[in-house]
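Below are the chains, spelled out letter by letter.
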Amino acid sequence: MRVKTALAALLMFFFISCGTITVESLNRQSELYASRIAFGWENLESFQLRGNARLQGSNLVARGPFVLWGDADEGLLRGDFYGPDGRPVVSIKGDSTGMLIYMPQDECAIFMPGGLRAGGGIIQTIDLIHLLRTGYPLVMEAWEITGSASVTNEQIQWLFCVSDTTDRMVLTMENGNIFPSECKWKSGEFMIQGSSPHDEYNAWPWSWSTRINDSAVDLELTEINTTAVPWEGIWMMTVPIPVDTVDCIPLWQPAIQPDQR
């Protein structure tokens, strides 16, 4: 009887210990995530994403399909979001100079120097492509991503800052997830609510909910095509109205600098 009791206690301890979240287990998870980031980014060239989107802004509420093209080698992004009538509601074009957003039905166009403005900082176009593929908002080496991670409250977090301001961006990854769950800053956030049905090294973030400044966007992918060949002129976008250019602001950067290797 005592042997059975001791065996049951040992088995219970084993199962409980296997499910315990420790600093070591979270550090291993961040290392594995960094290796998946490196694999996914190194094997990414041009791609096409299709899905459904819901857009909501101060003068806009629309739901419909979207098509988004990206080129990781050249740092190019081009997308169209359509309304229920099949006409473009928002078109975007991103490159090394910045991000152009055109809303044809509102006859409004905005250019953001450097990339997409998020709170007090800018996410460069190449970093935005990296975010779409990996869930991580900056192009960094695997050892830098691991070295700048911190473990707190049974979560993995990465902290980003903007020079000369107190604004902070916090990326959070939950125990056991293959992508971060959320990223928050003072005036916005994005959340990754699902991943594509692939093995963890080939999976993409599949479902997004974002709020940037005064606009909210919900995205759910239906197709990922990494063999699609962009046709000539796909990266161009004609805007037949005057374009407003917003002020240039600093880039987001890691708040914790990892040791140099």
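This one's a predicted model, so the numbers in the text were calculated from it and none came from an experiment.

J.: In this structure, what is going on with the layout of surface pockets? I would like to understand it.
T.: Where empty space is left can be seen by rolling a probe of water-molecule size over the atoms. Size it by volume and the largest pocket reaches roughly 1,100 Å³. Lining the largest pocket are 36 residues, and of these Ile101, Leu116, Ile212, Ser215 and Val217 sit closest to its centre. Considering each element in turn, the lining of the largest pocket owes the most residues, four residues, to strand E15 (residues 215–225). Taken together, the residues of the lining of the largest pocket break down into 26 nonpolar, seven polar and three charged. By volume, the second largest pocket is sized at about 170 Å³. Taken together, the residues of the lining of the second largest pocket break down into three nonpolar, five polar and two charged.

J.: So what exactly am I meant to see when it comes to the pattern of salt bridges here?
T.: In this structure the tally under the stated criterion is three salt bridges. In this structure, Asp85 engages Arg87 in a salt bridge whose closest nitrogen and oxygen atoms are separated by 2.9 Å.

J.: What's the story with the packing of aromatic side chains in this structure? I'm lost.
T.: Two aromatic rings are characterised by how far apart their centres lie and by the angle between their planes. Scanning the entire structure with this criterion turns up nine aromatic pairs. Considering the side-chain rings of Trp69 and Trp231, the 5.5 Å spacing of their centres and the 80° angle between planes classify their relative orientation as edge-to-face. Here the residue Trp69 occupies a position in strand E2 (residues 60–71), and Trp231 occupies one in the loop between E15 and strand E16 (244–245), the gap between them amounting to 162 residues. By relative accessible area, which is 52% here, Trp231 ends up exposed.

J.: Can you help me understand the pairing of strand E8 (residues 121–124) in this one?
T.: Each regular strand carries side chains that alternate between the two faces of the sheet. As paired elements, strand E7 (residues 115–118) and E8 share four bridges and run antiparallel to each other. Bridging across to E8, Ala118 finds its partner in Gly121. Connecting E7 to the next strand, E8, in antiparallel fashion are two residues, including Gly119 with a positive phi near 65°.

J.: Before we go on, may I ask you to explain empty space enclosed by the protein in this structure?
T.: Within this structure, the stated rule accounts for three cavities of 30 Å³ or more. Considering only enclosed or pocket space, the largest cavity measures out at about 70 Å³ in volume. Taken together, Tyr33, Arg36, Ile37, Gly40, Arg133, Thr134, Ile178, Phe179, Glu200, Tyr201 and Ala203 make up the full set of residues lining the largest cavity. Broken down by secondary-structure element, the contributors of at least two residues to the lining of the largest cavity are helix H2 (23–42) and helix H3 (125–134). Considering each element in turn, the lining of the largest cavity owes the most residues, four residues, to H2. Computed from the structure, the second largest cavity encloses a volume of approximately 50 Å³. As for the second largest cavity, its lining consists of Leu49, Phe66, Leu68, Leu132, Trp204, Pro205, Trp208, Leu219 and Leu221. Put simply, the parts of the chain that give the lining of the second largest cavity at least two residues each are E2, strand E14 (205–212) and E15.

Reading the values: the criteria
Residues numbered from 1 in each chain as written. Predicted model: local features only at pLDDT ≥ 70, side-chain atom pairs only at ≥ 80, totals over all residues. Heavy atoms only, no water. 1 Å grid on protein atoms, 1.4 Å probe; cavity = no way out; pocket = protein on both sides within 12 Å on 5 of 7 lines; lining within 4 Å. Points joined across faces, edges and corners; volume = space filled by probe spheres on them. Helix = DSSP H or I, 4+ residues; strand = E, 2+ residues; numbered from the N terminus. Nonpolar A, V, L, I, M, F, W, Y, C, P; charged D, E, K, R; others polar. Salt bridge = Lys/Arg side-chain N within 4 Å of Asp/Glu carboxyl O. Phe/Tyr/Trp six-rings, centres within 6.5 Å; stacked < 30°, edge-to-face > 60°. Buried < 20%, exposed > 50% of the residue type's maximum accessible area, 1.4 Å probe, protein only. Pairing = 2+ DSSP bridges.

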